[in-house]
Amino acid sequence: MTVSALLAPEGPLLPRALMRSPDELMRPERLAAIQPSRISASRNLIARASRQRWTITQKAFDIDEKGRGHARYAIEAGSWRFSFPIFSFEPSARERTGRIIGRAWDMMGALVEGDMSPAAVAALQSELPKLYEGRATPDTLTWARSNRSGRLFDLAVNALAKGEQPPVEALGGTCYLMRNTGIDGNGTFGTKSFLAFEKDHPLRASLQAQMLTAYMMRVFALDLVQHFARLHGGTKAAGFAPDLARFLGVGNGSALGLMFFVNNHPRLINQWLTIRETAIAHGKLVPVGRDGAPLRTLATLLDKAIVARQQDRSEYESFTPSLRIAEDLVVIRRELDALIALAQAGETGATPLLDFTASLDGRVHAEAFETLLSLLIELVPDVADSLSDTLVIDEELTGRPEMPLGRLREIVRSDYRWAFDLDLTSERSQRYVWYKSRTAEEPRRGPREEIGEAHNLGLDLPRLIVALDRDLSQADPKTCVARFLLQHPEHRLIATRVQALAGLPYHSPHADIMSEDFVPAQITRLLNVGIHGIDKARDFLNRNLRGVIFHGAPTPADLAAGTADPHWFYPSEPRS
């Protein structure tokens, strides 16, 4: 079946009714509940790497006992070859921070197409530390920085040096030894633009270059710990047990900047949500015979999710604790057992998952329900992988100056009905402004009375829409947009956006991001958890999130041998 057929809005295989309405899906609290799935960027990368048996080879590893030196890896992905050079540094508290504004890191690296000459490596070593003043070498896809998780990193080194495995009880609190503090690509610092990637490029789909970079951080972290263990313990030192190596991912932290990402990439957000809804619909329509095979597969996956939630040691501030989600997953699992019995007795229709999922919606916690929907996608892996290949997005928004104003207002009133239902005038609804700090240049959100005259960088979408509609209502509906914008140039940005995104259902959260009631962490969670595929995302102050990516993912040895578990996610804690 072609991708166009998979995405078709009508037809017997995918009726439009199976895809949720924007009014339901685009509420921030619902977006925040979306869980990782096969179409999340990290999981999609591992699916492709497993299928094609990518190989990752350590070519150099010259790092002293203080952590100073360099390493280099070669990655073969089908017919493509990449280099991942790394510069390692002794940890220092000076100018070291987990935020993107740091000036000192424990590791810096780059993902580069092809093999690198000594001159290219030397140029990279000179430019990387400059960061914002630096310039990438040709064919560079990403620049990256990360820091060790100090206490746990040292704990793992000391245990392995003694010939022992590190205690899972300690490592399970974060599930990583090194944390990503920044991955830049798509033209930043002169890196290669993603739209310039060749059609057969294995990292062409959105976020795949960043995900491979994060995976290589994990590879390096495991290798570095084992290297230090050998330096300290000699022949007595042990390596990581394979199940523990898989259990440990790479840490990731995100903050308010992802709100700007959502504003600036509406087509990507729409496409990702569209293919997720499409894949879920196909999962609901999987035929089930009397053997109940798809249902038993789903039951096995639910069992993994339940155990992973029950063992989660993370502490959550605003989001629901994992034990609470596990309770509702147990409810789903129990009702699935009943459905399996009915299927085996021949007492269900051909597609019983349709009614099964509908019966649970609203009866269990949203995160538990979204977990079920994500697991349905595992029943149609080929569909999901084909859909993920469509995530090559041109984000340029182009207006239509010839469009009659009557048609523009029709789009405004149909696609943005939600904006007219919001309170946009009260003091509470206008309390906050989005800005960048003068010293750190980081995105921030603060009360207007405290910020002063700072330029508001946030996309005030609902107020822009209402203001545009107000002026459109006073204009001749037969007049073209071009003439209208000559009289009202302040509407050019929003008019172009409305025209360019017309008919796309999932491009913008239905929210007033200036309101005191808006919770930024809900949108950060959509990006981190749903789109990136981060597990155990813990929230801080309703703004920042920290979690772990590639938690349970295959090791390079698994990928190369073709033995990677296709259902590697939701790993249980290794036995000590």
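From a predicted model like this one, the values you see are computed outputs, not experimental measurements.

### Considerations on the overall build of the protein
Along the backbone of the protein there are 23 helices and 11 strands. Since a compact globule built from 576 residues should have a radius of gyration of about 25 Å, the 25 Å found for the protein is in line with a globular shape. The principal-axis extents of the C-alpha atoms in the protein amount to approximately 85 × 70 × 45 Å. Counting the 576 residues in the protein, one finds 56% classified as buried. Looking at the protein as shown, the accessible area adds up to about 24400 Å², and 49% of this sits on carbon and sulfur atoms. Across the protein, 68 positive and 70 negative side-chain charges occur, with their mean positions spaced 2 Å apart.

### Remarks on helix α14 (residues 353–360)
Along α14, the residues that are buried comprise Leu 353, Phe 356, Thr 357 and Leu 360. The arc enclosing the buried residues of α14, seen along the axis, measures out at 90 degrees, which places them on a common side. Along α14, the residues that are exposed and aim more than 90 degrees away from the buried face are Asp 355 and Ala 358. Looking at the buried side of α14, the elements it contacts are α11 (266–284), α12 (293–311), α13 (322–344) and α15 (366–377). Looking one or two residues past α14, Gly 362 carries a phi angle of roughly 95 degrees, positive in sign.

### Section: the side chain of Asn 252
Tracing the backbone shows Asn 252 in strand β7 (residues 249–254). Taking the relative accessible area as the measure of exposure, Asn 252 reaches 11% and is therefore buried. Here the side chain of Asn 252 touches Asn 180 through a polar contact of 2.7 Å, side chain to side chain. Within the local environment of Asn 252, its side chain forms a polar contact with the side chain of Ser 254, the two groups lying 3.2 Å apart. Those residues in contact with Asn 252 that lie beyond four places of it in its chain are Arg 179, Asn 180, Asn 528, Ile 534, Leu 545, Arg 546 and Gly 547.

### A word on the packing of aromatic side chains
A full pass over the atoms with the stated rule returns 10 aromatic pairs. Taken together, a centroid distance of 5.8 Å and an interplanar angle of 80 degrees make the contact between Phe 569 and Tyr 570 edge-to-face. For the pair Phe 569 and Tyr 570, a shared accessibility class is recorded, and that class is buried. In this structure an aromatic cluster arises from ring pairing among Tyr 132, Trp 143 and Phe 189.

### Describing the packing of α11 against α15
The description of two helices packed together rests on the angle between their axes and the distance between the axes. At their nearest, the axes of α11 and α15 sit 8 Å apart, and the two run at 75 degrees to each other. Classified by the interaxial angle, the pair formed by α11 and α15 is roughly perpendicular. Note on element contacts: α15 touches α11 through Glu 370, Leu 373, Ser 374, Leu 376 and Ile 377, opposite Arg 276, Ala 279, Ile 280, Gly 283 and Lys 284. By residue class, the composition of the contact of α11 with α15 is 5 nonpolar, 2 polar and 3 charged.

### A word on the pattern of salt bridges
Applying the stated criterion across every chain yields a total of 36 salt bridges. Ionic pairing is found between Arg 431 and Glu 516, a salt bridge with its closest N-O pair at 3.6 Å. In this pair, Arg 431 is assigned in the loop between α17 (405–415) and β8 (432–436) and Glu 516 in the loop between α21 (492–500) and α22 (520–532), connecting sequence segments 85 residues apart. Put simply, Asp 460 and Arg 463 hold a salt bridge, and the shortest N to O gap is 3.0 Å. We classify Asp 460 as buried; its relative accessible area is 15%. Salt bridges here are not isolated pairs; linked through shared partners, they connect Arg 20, Arg 30, Arg 276, Glu 277 and Glu 370.

### Digging into the confidence of the model for the protein
When the pLDDT values of the protein are averaged, the result is 93; 95% of them are 70 or greater. With pLDDT under 50 throughout, residues 9–13 is counted as low confidence; its partners more than four residues away or in other chains account for 6 contacts.

### Re the side chain of Arg 525
Within the secondary structure, Arg 525 is located in helix α22. A distance of 3.1 Å separates polar atoms of two side chains, one belonging to Arg 525 and the other to Glu 367. Look past the residues within four positions of Arg 525 in its chain and what remains in contact with it is Ala 32, Gln 35, Phe 319, Glu 367, Gly 530, Ala 537 and Leu 545.

### Here we look at helix α6 (residues 150–161)
Across its 12 residues, α6 extends 17 Å between first and last C-alpha, which sits within 8% of the 16 Å expected from 1.5 Å per residue. Turning to α6, the residues buried within the fold contact β5 (140–148), α7 (168–171), β6 (176–185) and α8 (208–233). Immediately beyond the C-terminal end of α6, within one or two residues, lies Gly 163, with a positive phi of roughly 85 degrees.

### Some points on empty space enclosed by the protein
For the structure shown, the criterion picks out 4 cavities of 30 Å³ or more. As a volume, the largest cavity reaches approximately 200 Å³. In terms of lining, the largest cavity is formed by 16 residues, of which the most central are Arg 309, Asp 312, Asp 535, Lys 536 and Tyr 570. Going through the elements one at a time, α12, α22 and β10 (535–540) are the ones with two or more residues in the lining of the largest cavity. The class makeup of the residues in the lining of the largest cavity is 8 nonpolar, 3 polar and 5 charged. Contributing to the lining of the second largest cavity are 15 residues, with Met 259, Asn 263, Leu 461, Pro 509 and Ile 513 lying nearest its centre. Of all the secondary structure elements, the ones that give two or more residues to the lining of the second largest cavity are α10 (257–264) and α19 (461–472).

### What to know about the sheet that holds strand β1 (residues 55–63)
Sheets are built from strands that pair by backbone hydrogen bonding, the pairs being arranged parallel or antiparallel. The 9 strands lie next to each other as β1-β2-β3-β4-β5-β6-β7-β11-β10, forming an open sheet whose pairing is mixed. The sheet is open, and its two borders are formed by β1 and β10, each paired with just one other strand. Each strand axis lies, on average, 25 degrees off the axis of its neighbour in the sheet, ignoring direction.

### Structural notes on the packing of α13 against α15
At a closest axis distance of 8 Å, the pairing of α13 and α15 adopts a crossing angle of 50 degrees. Viewed along their axes, α13 and α15 adopt a mutual orientation that is oblique. Where α13 crosses over α15, the handedness of that crossing is right-handed. Contacts between α13 and α15 involve Ile 325, Asp 328, Leu 329 and Ile 332 from the former and Glu 367, Ala 368, Thr 371 and Leu 372 from the latter.

Rules used throughout
- Residues numbered from 1 in each chain as written.
- Predicted model: local features only at pLDDT ≥ 70, side-chain atom pairs only at ≥ 80, totals over all residues.
- Heavy atoms only, no water.
- Helix = DSSP H or I, 4+ residues; strand = E, 2+ residues; numbered from the N terminus.
- Rg over C-alpha atoms; globule rule 2.2 N^0.38 Å.
- Buried < 20%, exposed > 50% of the residue type's maximum accessible area, 1.4 Å probe, protein only.
- Areas by Shrake-Rupley, 256 points an atom, 1.4 Å probe, with all protein chains shown as cover.
- Lys, Arg positive; Asp, Glu negative; His and termini not counted.
- Charge placed at Lys NZ, Arg CZ, Asp CG, Glu CD.
- Arc of directions from axis to C-beta.
- Contact = heavy atoms within 4.5 Å.
- Polar contact = N/O pair within 3.5 Å; in protein donor to acceptor, adjacent residues only side chain to side chain.
- Phe/Tyr/Trp six-rings, centres within 6.5 Å; stacked < 30°, edge-to-face > 60°.
- Axes fitted to C-alpha atoms, helices over the stretch in contact; angles between N-to-C directions.
- Parallel < 35°, antiparallel > 145°, perpendicular 65-115°, else oblique.
- Nonpolar A, V, L, I, M, F, W, Y, C, P; charged D, E, K, R; others polar.
- Salt bridge = Lys/Arg side-chain N within 4 Å of Asp/Glu carboxyl O.
- pLDDT = per-residue confidence, 0-100.
- Expected span 1.5 Å × (residues − 1).
- 1 Å grid on protein atoms, 1.4 Å probe; cavity = no way out; pocket = protein on both sides within 12 Å on 5 of 7 lines; lining within 4 Å.
- Points joined across faces, edges and corners; volume = space filled by probe spheres on them.
- Pairing = 2+ DSSP bridges.
- Left-handed = near helix turned anticlockwise from the far one by under 90°.

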